[in-house]
Amino acid sequence: MNKKFLVIGNPIEHSLSPKLHNYWIKKNNIKALYEKKLLKEEEIEKLILEIKEEKIHGVNITIPFKKKVIPFLDLLTDEASKSQSVNTIYKIKDKIIGDNTDIEGFKVALEKTNQIINDKTVLIIGAGGVVPSIIIALKKLKIKKIFITNRTEAKAVEMRNSFPELGIVDWGKMINFDIIINATSIGLNEKDKIKLDYENISKNKFFYDIIYNPEETDFLKKGKKFGARVENGKTMFVHQAQKAFFIWHGILPEIDKETFNLLRA
Ligand code: ATR
């Protein structure tokens, strides 16, 4: 019988996880199927029960449930606990485990850009579910200073309670940064725009968007237009998926050109 895997989120249409996982499943001759499911918050509990009953064998979590799933889980891995963010779920010996592969995914993605990190200042836009993972990865890479800015300031303040070294920038204000990261959902819809004073951001900056579909958000388009190096979240996405695949199937799937080609529209 095919094992069943899912990615849950809301919205979920943009997710390319099924495409990627099913490609690796087939390539490695595994009997499994990976699907996406639009979920409402009140349906999380029932879904976890289905993992307990082994009707579902593994789940990936995306916006906005990475934190919201935690109360329904039996155990968190160290990375999931530190970040209070879960993107991969599985069952071991009757226990439902929450894990986090975003930290490693983001860390690998930034390492692959070959930048010197330890003298850099980062500005993160957003204070949602994925932000703790980004902060932990940046700290592992020994970044010099991290600032965050968020529409709802209370959430930025809450983030600073977990990471006291964070600086907070008022929403709509700009600072002198080296790297700017969009960690909001603004851009998932092609028309979404983050209001930033792009023209006054000096050249040679690095713009990173966690979003990978669409491939080029307005944020990245503007960065490019005003002379920045830009990168979308595809490398992070592929590497978090590779780690989740290994957790579930015990096989580290290959990441090559074909993998990235597959994810083009
Ligand atoms: P959650 O906060 O439930 O974890 P998320 O989807 O992981 O949700 O995070 C969404 C992020 O995108 C948040 O930082 C959110 O800002 P708020 O905390 O103010 O809600 C941000 N976001 C989403 N839509 C936005 C918009 N139109 N303008 C500004 N920020 C937005």
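Nothing here was measured: the structure is a model prediction, and the numbers come from that model. Residue indices begin from 1 for each chain and proceed along its sequence in written order. Side-chain atom pairs in this predicted model are given and counted only at pLDDT of 80 or more, local residue features only at pLDDT of at least 70, and totals for whole chains, interfaces and linings cover all residues. Side-chain metrics rest on all non-hydrogen atoms present in the structure, leaving aside hydrogens and water.

1. A few points about the overall build of the protein
Helix and strand labels come from DSSP, where a helix needs a run of H or I of at least four residues and a strand needs a run of E of at least two; each type is numbered from the N terminus. When helices and strands are tallied, the protein shows nine helices and 12 strands. For the radius of gyration, the atoms used are the C-alpha atoms, and the globule rule reads 2.2 Å times the number of residues raised to 0.38. The globule rule puts the C-alpha radius of gyration for 265 residues at 18 Å, and the 18 Å found for the protein is close to it. Overall, the C-alpha framework of the protein stretches about 60 × 40 × 35 Å when taken along its three principal axes. Each residue is assigned to one of three classes by its accessible area relative to the maximum for its type, calculated with a 1.4 Å probe on protein chains only: buried under 20%, partly exposed between the two thresholds, exposed over 50%. Expressed as a percentage of its 265 residues, the buried residues of the protein come to 52%.

2. Brief notes about helix H4 (residues 102-112)
Most of H4 sits inside the fold, with eight of its 11 residues counted as buried. Among the structural elements, helix H3 (78-83), helix H5 (131-140), strand S10 (179-182), strand S11 (206-209), strand S12 (229-231) and helix H8 (234-249) are those in contact with the buried residues of H4. Trailing H4 by a residue or two, asparagine 114 shows a phi angle of about 55 degrees, which is positive. For this analysis, residues touch if any pair of their heavy atoms sits within 4.5 Å.

3. So, the pattern of salt bridges
By definition, a salt bridge exists where a carboxyl oxygen of Asp or Glu is found within 4 Å of a side-chain nitrogen of Lys or Arg. By the definition in use, this model includes 17 salt bridges. Ionic pairing is found between aspartate 74 and lysine 52, a salt bridge with its closest N-O pair at 3.7 Å. Here aspartate 74, found in the loop between strand S3 (58-61) and strand S4 (75-76), pairs with lysine 52, found in helix H2 (residues 44-52); they are 22 residues apart in sequence, far enough to count as distant. When its relative accessible area of 34% is taken as the criterion, aspartate 74 is described as partly exposed. Owing to a relative accessible area of 35%, lysine 52 belongs among the partly exposed residues under this scheme.

4. Regarding the site of the ligand
In the vicinity of the ligand there are 15 residues, among which Gly129, Asn150, Arg151, Thr152 and Lys155 approach most closely. We define a polar contact as two N or O atoms separated by no more than 3.5 Å, with the added condition that, inside protein, one atom must be a possible hydrogen donor and the other a possible acceptor, whereas residues neighbouring each other in sequence contribute only through side-chain atom pairs. Take lysine 68: an N or O atom from its side chain is 3.3 Å from an oxygen atom of the ligand. In the model, an oxygen atom of the ligand is placed 3.5 Å from a nitrogen or oxygen of the serine 185 main chain. Class assignment for the residues of the shell around the ligand results in five nonpolar, seven polar and three charged. These domain boundaries are the output of an automatic or database domain assignment. In this structure, the shell around the ligand is formed jointly by two domains, domain 1 (3-101 + 235-255) and domain 2 (104-234), each of which donates at least three residues. Throughout this document, a residue counts as near a molecule or strand when at least one of its heavy atoms sits within 4 Å of that molecule or strand. As a working rule, the residues Ala, Val, Leu, Ile, Met, Phe, Trp, Tyr, Cys and Pro are called nonpolar, Asp, Glu, Lys and Arg charged, and the rest polar, with Gly in that last group.

5. Looking at the sheet that holds S12
Pairing between strands is defined by DSSP: at least two bridges between the two strands are required. Taken in spatial order, the six strands line up as S9-S8-S7-S10-S11-S12 in an open sheet, and their pairing is parallel. The open sheet is flanked by strand S9 (167-168) and S12, the only strands paired with a single partner. Judged from the three bridges that link them, S11 and S12 form a sheet pairing that is parallel. Bridge assignment links tyrosine 208 to a residue of S12, and that residue is glutamate 231. To define axes, lines are fitted to C-alpha atoms, for helices over the stretch in contact only, and angles between the resulting N-to-C directions are given on a 0 to 180 degree scale. Contacts from H5 reach strand S7 (121-125), strand S8 (145-149) and S10 within the one sheet, and its direction differs from that of S7 by about 170 degrees.

6. Things to note about the environment of lysine 4
On the secondary structure map, lysine 4 appears in strand S1 (residues 3-9). For the pair lysine 4 and threonine 88, spaced 84 residues apart in sequence, the C-alpha to C-alpha distance is 14 Å. Here lysine 4 is in contact with Leu33, Glu35, Lys55, Ile56, His57 and Gly58, once residues within four sequence places are set aside.

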